[in-house]
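Chain residues, written in single-letter form:
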Amino acid sequence: SYKERILIVEGGSDRNSTIENIITAIDEVHLLTDEDIIVTHDSVRPFVSLKTIQENMAKSPWHTHYHVEPTSGLLNDPNGFSYFDGKWILFYQNFPFGAAHGLKSWVQLESDDLVHFDETGVKVFPDTPLDSHGAYSGSAMQFDDKLFLFYTGNVRDENWIRHPYQIGALMDKEGKIEKINKILIDQPADSTDHFRDPQIFNFKGQYYAIVGGQDLEKKGFVRLYKAVNNDYTNWVEVGDLDFNNDRTAYMMECPNLVFVGEQPILLYCPQGLDKAVLDYDNIYPNMYKIGASFDPKQARLVDVSELQNLDYGFEAYATQGFNAPDGRALTVSWLGLPDVAYPSDRYDHQGAFSLVKELSIKDGKLYQYPVEAIKELRSSSSEFRNKEVTNNCYELELAFEANSKSEIVLLADQEGKGLSITFDIANGLVIVDRSQAGEQYAQEFGTTRTCPIENQATTATIFIDHSIFEIFINKGEKVFSGRVFPHANQTGILIKSGTPTGTYYELDYGRKAH
């Protein structure tokens, strides 16, 4: 009874699904106020309004300056990365009512330089029978004067059985969203209900899509589809993508196929990948393979490479890429992971995006490096040296000699505790250690990360943004990304050993950060 402000809702299988049921049942969460309570089978807690959540978020000491964050609650997968109406378009998945994976919508961002992003207020809501329990991940492509959004509609029936529908919507230049009222790709008979994350792409004038899934043997796969007569509402199955799938992962999330010249790069998240195939430390990995060419008729990556880590750091997941109109392959990642709690959760916010990176291939290796416009944030420069205090918002360009070993500590306190980065060039290793960098979390997955490098003159470009670090070795040959939640007194830079040289750039976003 809305009049009496009492609502009885059937509980879900756990607390999150119960809250999801409540939100679905009342249709618009803002009908609740701070005076209401939510009662579940094991708790009674106040309902917290969006205003209260945003007031709590404002108290957080870990907001970033030049990385995308949610305006409220949780941010996870990047979606709909595209170019439309003269602007770069990017969406983020969002649950605004706290740091939890609740009922998901898409929130739109736009940019003219791939560095400064503005939130437009345009959202893809879970408001139809085909996406009633969440607008899950997807992609975008311009058709005529509309932007086609291709995404997974998450639906639960009365028995809480999931129905994943690959569906679409059109966005016009004014930001109006019109849902396409039909299923574009249904769940295959040989797939479980884990079938999601469609990515549309153009290959030599023909539109294709790939979707990640789990087969009935609980093994992950990627399936290729073709748009009949390039009609984005009419898709036919080509077959499972052949990329030498080792079939040890139980699910393939967020598959993306982008091209550097003629070479295809498959980005994907193989959940449950056997570490005997390729070792990794994070709860879920983000990986890639490079092919010599793409054969769409056979649904095959030709002469595919070995599996490689996309990022050697603590947090990089659900990376989304697309080929821009000028041909560049651009990517952006969620700097977060599923099923991990973060210190910022108590301030009702979680998640951020990486910097936008451009991909290139050199000598068979994938390179990832921030777009050129990131240099526009540089407001001042000085020689790299020890600093007792910084604003924790800067870029470093460093050089290390062959056969050397150096350790630097960023976000350092007076005792030299902070984010330790060791460049052991002589032994071919870079080691990142966050065990003394602020509040600790996810320690069961380790506090250090390592990647191999060659013993030669080496460079490192490092971005620090309060609670984010991104490290690019040799202009993107190897990458470390991650979160840290430093204490208030951890603002310094310490050269602990060695003789690294370089430049310190203070960065200024130039307007209100997200």
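First things first, this report covers the structure right here in the doc. Starting from 1, residues in each chain are numbered consecutively following that chain's sequence as written. pLDDT decides what is reported in this predicted model: residues at 70 or higher carry local features, side-chain atom pairs at 80 or more are listed and counted, and totals for whole chains, interfaces and linings draw on all residues regardless. The side-chain quantities take in all heavy atoms of the structure and omit both hydrogens and water.

Helix numbering and strand numbering both begin at the N terminus, where a helix is a DSSP run of H or I of at least 4 residues and a strand a DSSP run of E of at least 2. If you tally the helices and strands in the chain, you get two helices and 36 strands. Every radius of gyration here is taken over C-alpha atoms, with the globule rule written as 2.2 Å times N^0.38, N being the number of residues. Here the C-alpha atoms of the chain give a radius of gyration of 23 Å, agreeing with the 24 Å that 2.2 N^0.38 yields for 514 residues. The principal-axis extents of the C-alpha atoms in the chain amount to approximately 65 × 60 × 45 Å. A total of 514 residues make up the chain; the buried ones form 57% of that total. Across the chain, contacts joining residues at least 24 apart in sequence account for 58% of those joining residues at least 6 apart. Here the accessible surface of atoms and residues is derived via Shrake-Rupley with a 1.4 Å probe, and residues count as covered only by protein chains that are part of the display. Approximately 21,100 Å² of the chain is accessible, and the part contributed by carbon and sulfur atoms is 47%. His is not counted, nor are the chain ends, whereas Lys and Arg count as positive and Asp and Glu as negative. We put the charge of a Lys on NZ, of an Arg on CZ, of an Asp on CG and of a Glu on CD. Seen as two clouds, the 46 positive and the 75 negative side-chain charges of the chain have centres 1 Å apart. The buried label goes to any residue with under 20% of its type's maximum accessible area, the exposed label to any with over 50%, and the partly exposed label to all in between, with areas taken from a 1.4 Å probe on protein chains only. We call two residues in contact when some of their heavy atoms are within 4.5 Å.

Attention now goes to helix H2 (residues 50–57). Along an α-helix, residues three or four apart share an orientation, since each turn contains 3.6 residues. Of the positions making up H2, those classed as buried are Ile 53, Asn 56 and Met 57. Angularly, the buried residues of H2 cover 105° about the axis, an arc narrow enough to put them on a single face. In the core, the buried residues of H2 are packed alongside strand S3 (73–84) and strand S23 (349–350). The arc in question is the one spanned by the directions pointing from the helix axis to the C-beta atoms.

The next point concerns the packing of aromatic side chains. Working definition: a ring pair exists when centres of Phe, Tyr or Trp rings (six-membered ring for Trp) sit within 6.5 Å. Plane angles under 30 degrees give stacked, over 60 give edge-to-face, the rest tilted. This model, assessed by the stated rule, comprises 35 aromatic pairs. Centre to centre, the rings of Phe 150 and Trp 235 are 5.3 Å apart; their planes meet at 20°, and the pair counts as stacked. Pair noted here: Phe 150 is in strand S8 (residues 146–156) and Trp 235 is in strand S14 (residues 235–240), with a separation of 85 residues, a long-range link. Each of the two residues, Phe 150 as well as Trp 235, counts as buried. Relative to Tyr 317, the ring of Tyr 284 has its centre 6.3 Å away and its plane inclined at 45°; by these criteria the two rings are tilted. Of the two residues, Tyr 284 is situated in the loop between strand S16 (263–271) and strand S17 (287–290) and Tyr 317 in strand S21 (residues 317–323); the sequence distance between them amounts to 33 residues. Of the two residues examined, Tyr 284 and Tyr 317, each falls in the buried class.

With that out of the way, let us pick up the pairing of strand S36 (residues 501–507). The side chains of a regular strand alternate, residue by residue, between the two faces of the sheet. Bridging between strand S26 (residues 378–383) and S36 involves five bridges; their strand directions are antiparallel. Residue pairing across strands places Glu 383 opposite Thr 503, the latter belonging to S36. For strand S27 (residues 393–400) and S36, the ladder comprises six bridges, and the chain directions are antiparallel. When the sheet's bridge partners are listed, Leu 396 is paired in S36 with Tyr 504. One requirement defines pairing of two strands: DSSP has to find at least two bridges between them.

A word on the nonpolar core. Counting residues in hydrophobic clusters, the biggest one holds 44 residues, and the most contacted among them are Tyr 66, Phe 81, Leu 114, Leu 330, Phe 353 and Val 356. Within the residue set of this core, elements represented by two or more residues are S3, strand S4 (87–95), strand S5 (105–111), S21, strand S22 (329–334) and S36. Residues contacting Phe 81, with those up to four places away along its chain left out, are Ile 89, Leu 90, Leu 114, Ala 140, Gln 320, Phe 322, Leu 330, Thr 331, Val 332 and Val 356. By nonpolar core we mean a set of buried residues, namely Ala, Val, Leu, Ile, Met, Phe, Trp, Tyr and Cys, connected to one another through side-chain atoms within 4.5 Å. Counting residues in hydrophobic clusters, the runner-up holds 29 residues, among them Leu 398, Leu 410, Ile 421 and Ile 462.

The next point concerns unusual backbone geometry. Note on backbone geometry: most residues besides glycine have negative phi, and most peptide bonds are trans. Phi at Lys 218 is positive, roughly 60°, even though this residue is not glycine. A positive phi is found at Asp 303, a non-glycine position, where the angle reads about 50°. Tracing the backbone through its elements, the reader meets Asp 303 in the loop between strand S19 (300–302) and strand S20 (308–309).

For the rest of this paragraph, the subject is the sheet that holds S16. Pairing in this open sheet of four strands is antiparallel, and the strands run S15-S16-S17-S20 from one edge to the other. The sheet is open, and its two edges are formed by strand S15 (251–260) and S20, each paired on a single side. In this structure, S15 lies alongside S16, joined through eight bridges in antiparallel fashion. Within the sheet, the bridge partner assigned to Phe 259 lies in S16 and is Pro 264.

Residue classification places Tyr 317 among the buried residues on the basis of a relative accessible area of 1%. Between the alpha carbons of Tyr 317 and Gln 108 there is a distance of 19 Å; along the sequence they are 209 residues apart. Contact partners of Tyr 317, with chain neighbours within four places excluded, come to Glu 253, Cys 269, Gln 271, Tyr 284, Pro 285, Asn 286, Ser 333, Trp 334, Gly 336, Leu 337 and Pro 338.

Here the focus is the pattern of salt bridges. Between side chains of opposite charge, a pair can form as their charged atoms come close. Whenever a carboxyl oxygen of Asp or Glu lies within 4 Å of a side-chain nitrogen of Lys or Arg, that contact is scored as a salt bridge. One pass over the structure, following the stated rule, counts 22 salt bridges. For Arg 223, the salt bridge goes to Asp 190, with nearest N and O atoms at 2.9 Å. Of the two residues, Arg 223 sits in strand S13 (residues 220–227) while Asp 190 sits in the loop between strand S10 (177–185) and strand S11 (191–203), which places them 33 residues apart along the sequence. On the basis of relative accessibility, which here comes to 3%, the residue Arg 223 falls in the buried class. Between Arg 247 and Asp 215 there is a salt bridge, and its shortest N-O distance comes to 3.0 Å.

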